[in-house]
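Working through the structure, step by step
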Amino acid sequence: MNMAKISLLFRMFLTLFLTFYTINVQGVVVVDIAIEQPQHHYAQITINFDKFTTKQANFHLPAWRTGKYKIINLANGVREFAAFDSQGNKLTWKKLDKDTWQVQDTLNKNVQIRYQVYANQLGQRTRHIDDSHAFIDASTVVMYSDVFRDSKHIIELQVPATWQSISGLETGKKPSNKSHQFIASNYDVLVDSPIETGINEHHTFSIEGRDYELVIWGKGNYDSTKIVADLKTLVQQSKYIWQGYPFKRYVFMVHATSGARGATEHLNSTIIQTSRFKFSERKDYLRFISTAAHEFVHTWNVKQYRPKGLVPYNYQQENYSTLLWLSEGSTSYLQNHLLLRGELMSSNEFLESLAKRITGYLHKPGRETQTVAQASFNKWLEEGGDYDNNHSVNIYSEGFLVSWLLDFSIMEKTALKKSYRDVHNELYQNYKVPKSFDEKDLLTILKDITHDDYQAWWQENIHGYANIDFNALLAKAGLTMSYGEKDNVKKIAWAGLKTKHVTNGLQITHVEKSGPAWQAGLALDDIIVAVNSLRMIDKELTKRLKNFKPNDRMSVTFFRRDELVTRMVILGETPKNKLKIVPLDKISDTQKAFFKHWTGIDFPNIDVNKED
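Our subject in this report is the structure included herewith. From a predicted model like this one, the values you see are computed outputs, not experimental measurements. (Residues numbered from 1 in each chain as written. Predicted model: local features only at pLDDT ≥ 70, side-chain atom pairs only at ≥ 80, totals over all residues. Heavy atoms only, no water.)

Let's shift gears to the overall build of the chain. A tally of helices and strands in the chain yields 16 helices and 30 strands. Radius of gyration (C-alpha) of the chain: 28 Å, near the 25 Å computed for a compact globule of 612 residues. With the C-alpha coordinates of the chain rotated into their principal frame, the extents come out at 85 × 60 × 55 Å. Across the 612 residues of the chain, 53% fall into the buried class. Across the chain, the mean location of the 75 positive side-chain charges is 1 Å away from that of the 68 negative side-chain charges. (Helix = DSSP H or I, 4+ residues; strand = E, 2+ residues; numbered from the N terminus. Rg over C-alpha atoms; globule rule 2.2 N^0.38 Å. Buried < 20%, exposed > 50% of the residue type's maximum accessible area, 1.4 Å probe, protein only. Lys, Arg positive; Asp, Glu negative; His and termini not counted. Charge placed at Lys NZ, Arg CZ, Asp CG, Glu CD.)

Turning our eyes to something else, we now look at the environment of Val235. Relative to the helices and strands, Val235 resides in the loop between helix H3 (224-234) and strand E18 (249-257). On a C-alpha basis, the gap between Val235 and Tyr212 in space is 9.2 Å, while along the polypeptide they are 23 residues apart. The residues touching Val235, leaving out its near neighbours within four places in the chain, are Ile207, Tyr212, Tyr245, Phe252 and Phe296. (Contact = heavy atoms within 4.5 Å.)

Turning our eyes to something else, we now look at the packing of aromatic side chains. For the structure on display, the rule yields 49 aromatic pairs. Each ring, one from Trp404 and one from Phe470, has its centre 6.1 Å from the other, and the planes form 25 degrees; the classification is stacked. Of this pair, Trp404 sits in helix H9 (residues 397-413) while Phe470 sits in helix H13 (residues 470-475); the two residues are 66 residues apart in sequence, bridging distant segments of the chain. The two residues Trp404 and Phe470 agree in class, both being buried. Within the aromatic cluster, the residues linked to one another by ring pairs are Phe205, Tyr212, Trp242, Tyr245, Phe247, Tyr250, Phe252, Phe296 and Trp300. The ring of Tyr454 has Lys413 lying over it, and the distance from NZ or CZ to the ring centre is 5.6 Å. (Phe/Tyr/Trp six-rings, centres within 6.5 Å; stacked < 30°, edge-to-face > 60°. Lys NZ or Arg CZ within 6 Å of the ring centre and 35° of its normal.)

With mixed pairing, the five strands of this open sheet are ordered in space as E16-E17-E18-E20-E19. Sheet topology places strand E16 (201-207) and strand E19 (262-265) at the edges, where each strand pairs with a single neighbour. Mean inter-strand twist for the sheet, computed between neighbouring axes without regard to direction, equals 15 degrees. Taken together, the seven bridges between E16 and strand E17 (residues 210-217) define a ladder with antiparallel strand orientation. (Pairing = 2+ DSSP bridges. Axes fitted to C-alpha atoms, helices over the stretch in contact; angles between N-to-C directions.)

On to a positive patch on the surface, then. Taken together, the side chains of Arg261, Lys278, Lys283, Lys356 and Lys578 make up a positively charged region of the molecular surface. Mapped onto the elements of the fold, Lys356 is located in helix H6 (residues 347-362). (Patch = residues over 30% accessible without salt bridge, like charges linked within 9 Å, V, L, I, M, F, W, Y side chains within 5 Å. Areas by Shrake-Rupley, 256 points an atom, 1.4 Å probe, with all protein chains shown as cover. Salt bridge = Lys/Arg side-chain N within 4 Å of Asp/Glu carboxyl O.)

A word on helix H11 (residues 439-450). Between the first and last C-alpha of H11 there are 16 Å, a value that for 12 residues agrees with the 16 Å anticipated at 1.5 Å per step. Among the residues making up H11, those that are buried are Glu439, Asp441, Leu442, Leu443, Ile445, Leu446, Ile449 and Thr450. The secondary structure elements touched by the buried residues of H11 are helix H5 (324-341), H9, helix H10 (420-430) and helix H12 (455-461). Two or three places before Lys440, at the opening of H11, Asp438 has a side-chain oxygen 3.1 Å from that residue's backbone nitrogen. Within two residues after H11, His451 carries a phi angle of roughly 60 degrees, on the positive side. (Expected span 1.5 Å × (residues − 1). Polar contact = N/O pair within 3.5 Å; in protein donor to acceptor, adjacent residues only side chain to side chain.)

By secondary structure assignment, the location of Gln116 is in strand E7 (residues 111-118). Here Gln116 falls in the buried class, since its relative accessible area comes to 15%. Separated by 388 residues in the primary sequence, Gln116 and Asn504 have C-alpha atoms spaced 44 Å apart. Not counting the four nearest positions on each side in its chain, Gln116 is found in contact with Tyr42, Ala43, Gln44, Gly77, Val78, Arg79 and Glu80.

This part takes up the nonpolar core. One recurring pattern in soluble globular proteins is that nonpolar side chains are buried together. Residues Ile33, Trp404 and Trp598 are the most contacted members of the largest nonpolar core, which totals 145 residues. Broken down by element, the residue count for this core peaks at nine residues, all from H9. Look past the residues within four positions of Trp598 in its chain and what remains in contact with it is Tyr333, His337, Phe350, Leu354, Trp404, Asp407, Phe408, Met411, Arg421, Ala477 and Leu479. Val511, Ala517, Ile528 and Leu545 belong to the second largest nonpolar core, which has 21 residues in total. (Core = buried A, V, L, I, M, F, W, Y, C linked by side-chain atoms within 4.5 Å.)

This brings us to H9. Compared with an ideal rise of 1.5 Å per residue, which puts 17 residues at 24 Å, H9 spans 25 Å between its outermost C-alpha atoms and is within 8% of the ideal. Immediately downstream of H9, the backbone of Ala415 shows phi near 55 degrees, a positive value.

The next point concerns the sheet that holds strand E13 (residues 170-171). The seven strands lie next to each other as E4-E7-E2-E1-E11-E14-E13, forming an open sheet whose pairing is mixed. Every other strand in the sheet has two partners, leaving strand E4 (78-85) and E13 as the edge strands with one partner each. Judged from the six bridges that link them, strand E1 (residues 29-34) and strand E11 (residues 153-158) form a sheet pairing that is parallel. Residue pairing for E11: Val30 is matched across the bridge by Ile154.

So this is what it looks like as structure tokens:
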């Protein structure tokens, strides 16, 4: 090759290198968030970008936020957009689509964009500002440029003087003219590290060389001393699944509110929302601490290892994967293991939770029409409600069950030397972001762990309609299903529908596919006003059903499209008592060993006669 060609190739390589370097290693992005009139839910956003190398620049607000696999139109609260150069001159801009603003004449210029955000979406866990606090998920507030996505982002908050700000982000230096400052190594870290600022209760503790914080916004009947003590126990249980920690500091954020409920995992923190008066009763507190466990598991599963299709995140469109059941359902499965090992959940509560999962599965007609892989891929389309109940499965519930199936299969094949926990540790050790994994990788991991081929199992249970023999599964651990009667299970009348009380009757909210009401022609939103020609005065249909026996004929009168209709329902049957998981009559040492390897605790003494 002659010198001219070598020189040309070198110049081409240098051009490509400089282009790549310019795109991927830009200057610091400085974000100023000013909250001056919080009672009106407004924030004024100012973002400064270093010099652009293009004639025009696009700025985006994500169309979804991490942890919620749904397009939620986050740009709907943006107003008063404007752009300027470093001299303060206005730059021309236009909006390209619902999430994208394009600024002109940006070549070799530093660019500042400004806009107002309306933040009144508390229940979405996206953005909320009032006179007591601000919760900021940056993906719903801070625009980004693809050119600067990998750049360091510095967040400056201007908030009322009495507020304190907390985030899993690195805390920066605090200049005298700024109240609070946080630093993110790039935009992806920023949008996965929410900020809670305001009047709040704040606790800190350290465990095994790591720092943790609990911040609670809102008054309620919680016992923060107990919450801190239980979180101290919870965070120590992860070592039974993963070798190592992905963080030095972690923040539990809690909103004690009226109405908002749910939680979202983040890179170095979680946000949990619950009713301010849902802490004192055991069932409510167990729900809260279980949610904390779920989100803590996500610190590894999802935040450290994610399926292909979700790496890197594409913030402007859906990110598809057939493995969301592993991201969410396996997290639900593993959360109870942390609670059980830490004695934050009793063995009775553990088995009660499992019984509820089984009951839900048995009343889920969608399990025969949608696989868990299909449910994962279609999560972005999921709407919930009656149709989904009858024709779909849930990546959380069914993902939990196939995780349980897989766990027992691994335990059995390896003679209790391995478990599903080893699969997740392998993913953590070898598939951390920016790597990702697919179904082929999981099959390889399973073969390495068990020395067996899981292709057929995978096709049957992940891409097929899993047909679970629960008693056979439970028997491996010395357990069985029970409705409280050994020989003759008591049955009661069953209509196969759910209702809610409205002003003029009972409105149908769910009709179970192929159940008695379904076969009689009753449908969603029908309003039941009478049964057997007697006006419906009860607020629950179950009260009226107590007057009937299985196979009885029940005349149901209801309004549909404001027209009065009557249908005859031939009632089915259902067990009178709730499903329980109880010990077998005779339990072998092998079954006890299986139970201990599964849960990490000895086989319990279970009170089978305990009342619900």
